[in-house]
Structure formats: C-alpha cells, structure tokens
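If you want the building blocks of each chain, they are given just below.
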Number of protein chains: 2
Amino acid sequence: MTDTDIATEERHRAKMAKRKAVQDAEVAKKTIEKGLLIVNTGPGKGKSTAAFGLALRMLGYGRRVGVVQFIKGAWHTGEKDAFAAFGDQVAWHTMGEGFTWETQDLKRDVAAAQAAWAKVLELMADPTISLLVLDELNIALRYDYLDLDSVVADLNGRRSELHVVVTGRNAKPALVEAADLVTEMGSVKHHFAAGVKAQRGIEF
Amino acid sequence: MTDTDIATEERHRAKMAKRKAVQDAEVAKKTIEKGLLIVNTGPGKGKSTAAFGLALRMLGYGRRVGVVQFIKGAWHTGEKDAFAAFGDQVAWHTMGEGFTWETQDLKRDVAAAQAAWAKVLELMADPTISLLVLDELNIALRYDYLDLDSVVADLNGRRSELHVVVTGRNAKPALVEAADLVTEMGSVKHHFAAGVKAQRGIEF
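Rules of the game
Residues numbered from 1 in each chain as written. Chains lettered and ligands numbered in written order. Predicted model: local features only at pLDDT ≥ 70, side-chain atom pairs only at ≥ 80, totals over all residues. Heavy atoms only, no water. Domains from an automatic or database assignment. Contact = heavy atoms within 4.5 Å. Buried area = accessible area lost by both parts, 1.4 Å probe. Salt bridge = Lys/Arg side-chain N within 4 Å of Asp/Glu carboxyl O. Polar contact = N/O pair within 3.5 Å; in protein donor to acceptor, adjacent residues only side chain to side chain. Phe/Tyr/Trp six-rings, centres within 6.5 Å; stacked < 30°, edge-to-face > 60°. Helix = DSSP H or I, 4+ residues; strand = E, 2+ residues; numbered from the N terminus. Axes fitted to C-alpha atoms, helices over the stretch in contact; angles between N-to-C directions. Parallel < 35°, antiparallel > 145°, perpendicular 65-115°, else oblique. Nonpolar A, V, L, I, M, F, W, Y, C, P; charged D, E, K, R; others polar. Pairing = 2+ DSSP bridges.

*Asks:* Give me the domain arrangement of chain A: which residues, what numbers.
*Replies:* Assigned domains of chain A: these are domain 1 (1-31) and domain 2 (32-194). Of note, the centres of domain 1 of chain A and domain 2 of chain A, computed from C-alpha atoms alone, are 40 Å apart.

Have a look at this one:
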C-alpha cells in the first residue's frame, strides 16, 4: 500500500468514526416505545407494497397481523396467496367493493366501507394482533364513505402497543396530524408512461 | 330515498362511469411486457420494505426471488426469517459489511461490495429467478465501492424478463436514467423526531 492509500484509508476511517459517534448519540436520545400510526401516501408506487413488507417482517418475528382491504379488485392477490403460507398468523379481510369507478354505486360503496370499519374495530380489540394494515383506507376517506373524525378517534383510541399502517393516495390532513410516521411515495419515473402494461408479480 | 338522494347517486354514477372510460382507455394503450428495473430511493421509509413486499407478491405466484444485501447489519432479520417459510423459492445473500460508519474500513467494504456484485451476476444468469432485490446497492454506489458504469451496463444487459429492484437513498442519476420505474420515498413526518426508538417489527 502506498502512502497515499494509507492517507485515504485513514481519512475514511476518521470520517466514518465521527459519523458513527453522531449516529450513536442520536440513537441514545430515542427511548419511547409505542404502537405507531403509519401512513403511506402519495402518487408513487409502494404504498401498499411497503405495508405488506412490514407485515412480512412482523410475521418473521412470529407475531400476528391483520389486513383489511377497503378496495377490492384484482390487486394484491399475490400477497394474499403468499400470506397463506403463514396460516393463522394472518387475518386477511377483503371488505370493500371494487374501485369506485368500477362499482358506480355510492350506497353499496358506503355500506362496504362501514362493514370494513366494523371489522377494523374487531381486529383492534384482538390482543393477539401486533400490526394492522388498513389498505386503501385513504380512498374510502377521500370519497367520504366513512366519517373522518370517527375514524381518527377510533385510531387514536387503539391499544397502545398496536401498530397500524394506513395506505392510499391523498391522506387527509387530520389523519396525517394523528400519525407518528408519514411517508409520501413520489413518482419520479413510471413505466406505464413508456407503454409498459401492468404485469403479474409487479402491479398485481 | 328522496329526490336529492337519487340526484346525488346519479351524479356519482355518471362521474364514475366517465372516470372508468378514461381508465379503460389508458389501460388499453399499454401493451409492452418486460422485466423492469425498479429503483426505490429517497430519504423516507419503505424503500427496502416495498422491495420485500414485491418479492412476497412474486412468491405468492410461485416464482423464485433472489436477494443480495449490500449492507449487513441488524436490519431485515425479520424479513429474512419470514422468507424462510418459502424454502428454496428465496435465494438470500447477505454479502456486504455493516454500515460503512460501523466498519470504518474502506478496503474491506470495497471487497465485500465486489463479492456481492459477483453474486448478483450469478443470480442474473439463473433463469429460475424472476425478481432480484439489490438491497442498499445505492449506498455501495454512493461510496464508490463499485464502478457505476459497469453496474449500469450489467443491469442493462440482464435477461429481458428479469425484474430487478434497487434500494437505497441517493440513487445515482445514471441508474435513474436506466430505470423503468423510480419512486422517491419522502419523509413527511417521522417518529424518531418525537423520541420514539427503533422497534422490532417496524425498523428491524
């Protein structure tokens, strides 16, 4: 190794040692443990997929997960089938009707959303559930299928150790306000714009 | 039902019927099928988690998935354990060293990244793999552990039906240029700022 190599290595080491010290100090400041209200929103991809990835992680620790889907459709059948490998560890409920522009029936959509919320309350009360995924709840809220204030009050009143993930575009400000963690998925580049179709295993 | 209710329902139906027509026309325009190069980047959460969620979906369809982790650490042990339920359907390789500010050893980091890339080339050549997750590859590229041009050339030269997901902050422009789908995870609100610590099943 030349002197220059040694100097480069040493600079790298010193820089990273400093970074580690900052990192460790940051970690030490965080002491609270609590069930989080997580919101994945925005126009980009990955909102539901990240929620299901989080569910997978919980399953890896032997915990139970509940899923309530507020919008039915061809989507997420792959995940649903994959979760079957975990048997009773996953309580999966597809409660909503199709996308609202498919059903074109407001009353049916409202009734389906209300039945879905009743299921959410049931799962929130079940102490064996560690994480609850409320898939596309934001869409049900956006179209006023559910009362926003009641939903937020119910979420705020959940068991203190229960993690909840809400997905869907256009999260309501009151929900963002109530949440602990909000991520906005932004679309930088999308293959649909290049004429690529929805493919099995990627979009559904 | 009052006349007002009926009018509201009818307006909703007409609006949604119009939306469905637009939606259907959009879908009809998309005809290409191809293996996608997907990049999940940005400072927000969900980059790796969404990649693992996509892997889960592929597993649900009975397909095989490869995972190469460029940064070793306590992270993703939950997912790794969960994927064990799928046996040989998942080829999981943790190849990198810890975060660079943990190892503080540039030469070791470079060697680990290069060994990881050799594993990527091996998995890219395996026709039984449908999706390859290159977890935190962007970090290895950011610290120049790997040559960007070679990595992009190798990715562009992959089998035409292979989907690849690259994760990590600060995706390089050349990688974004080569990608079909790029999502930027933005942090709107984060519980670490409120003193909440990293919790099992959520952060790791």
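*Asks:* Tell me about the interface of chain B and chain A, and please be specific about residues and values.
*Replies:* Taken together, the contacts link 78 residues of chain B with 78 residues of chain A. The contact between chain B and chain A buries some 7200 Å² in all, and 61% of this surface belongs to carbon and sulfur atoms. For the pair chain B and chain A, the number of links is 4 salt bridges. The salt bridge partner of Lys197 of chain A is Glu33 of chain B, with a shortest N-O separation of 3.7 Å. If you look at where chain B meets chain A, you find 28 residue pairs in polar contact (both at pLDDT 80 or more).

*Asks:* I'd like a description of the packing of aromatic side chains, backed by residues and values.
*Replies:* One pass over the structure, following the stated rule, counts 11 aromatic pairs over all chains. Following the ring pairs from residue to residue traces out a cluster consisting of Phe52, Phe83 and Trp92 of chain A.

*Asks:* Pulling in residues and values, what's your account of the pattern of salt bridges?
*Replies:* Enumeration according to the criterion identifies 22 salt bridges over all chains in this entry. Asp88 of chain B is the partner of Arg64 of chain B in a salt bridge, and the nearest nitrogen-oxygen pair spans 3.6 Å. In this pair, Arg64 of chain B is assigned in strand S2 (residues 64-69) and Asp88 of chain B in the loop between helix H3 (77-83) and strand S3 (90-94), connecting sequence segments 24 residues apart. Each of Lys34, Arg158 and Asp180 of chain A takes part in salt bridges that share partners, so that together they form one network.

*Asks:* Break down the packing of helix H5 (residues 106-124) of chain A against helix H1 (residues 3-29) of chain B for me, citing the residues and quoting the values.
*Replies:* Packing of H5 of chain A against H1 of chain B brings their axes to within 9 Å, and their N-to-C directions diverge by 90°. What the angle tells us is that H5 of chain A and H1 of chain B run roughly perpendicular. Across the interface between the two elements, Leu106, Lys107 and Asp109 of chain A of H5 of chain A pack against Thr8, Glu9 and His12 of chain B of H1 of chain B. Classifying every residue of the contact of H5 of chain A with H1 of chain B gives 1 nonpolar, 2 polar and 3 charged.

*Asks:* How would you sum up the packing of H5 of chain A against helix H7 (residues 148-156) of chain A? Please name residues and give values.
*Replies:* Two quantities define a packed helix pair, namely the angle between the axes and the distance from one axis to the other. Residues and elements named next belong to chain A. Contact pair H5 / H7: the axes reach a minimum separation of 11 Å and the direction vectors enclose 10°. Judged by the angle between their axes, H5 and H7 are roughly parallel. Together, Trp117, Leu121 and Met124 of H5 and Val151, Asp154 and Leu155 of H7 make up the contact between the two elements. A class-by-class count of the residues in the contact of H5 with H7 yields 5 nonpolar, no polar and 1 charged.

*Asks:* Let's hear about the sheet that holds strand S2 (residues 64-69) of chain A: which residues, and what values?
*Replies:* Strand order across the open sheet formed by 12 strands is S3(A)-S2(A)-S4(A)-S5(A)-S1(A)-S6(A)-S6(B)-S1(B)-S5(B)-S4(B)-S2(B)-S3(B), with mixed pairing between neighbours. The strands lining the two open edges of the sheet, one partner per strand, are strand S3 (90-94) of chain A together with S3 of chain B. With strand direction ignored, the average angle separating the axes of adjacent strands in the sheet is 15°. Pairing between S2 of chain A and S3 of chain A: 5 bridges, direction parallel. Bridging across to S3 of chain A, Val68 of chain A finds its partner in His93 of chain A. The strands that helix H2 (residues 47-60) of chain A touches are strand S1 (37-41), S2, S3, strand S4 (129-135), strand S5 (163-167) and strand S6 (181-189) of chain A; relative to S4 of chain A, the one it contacts most, it runs at about 165°.

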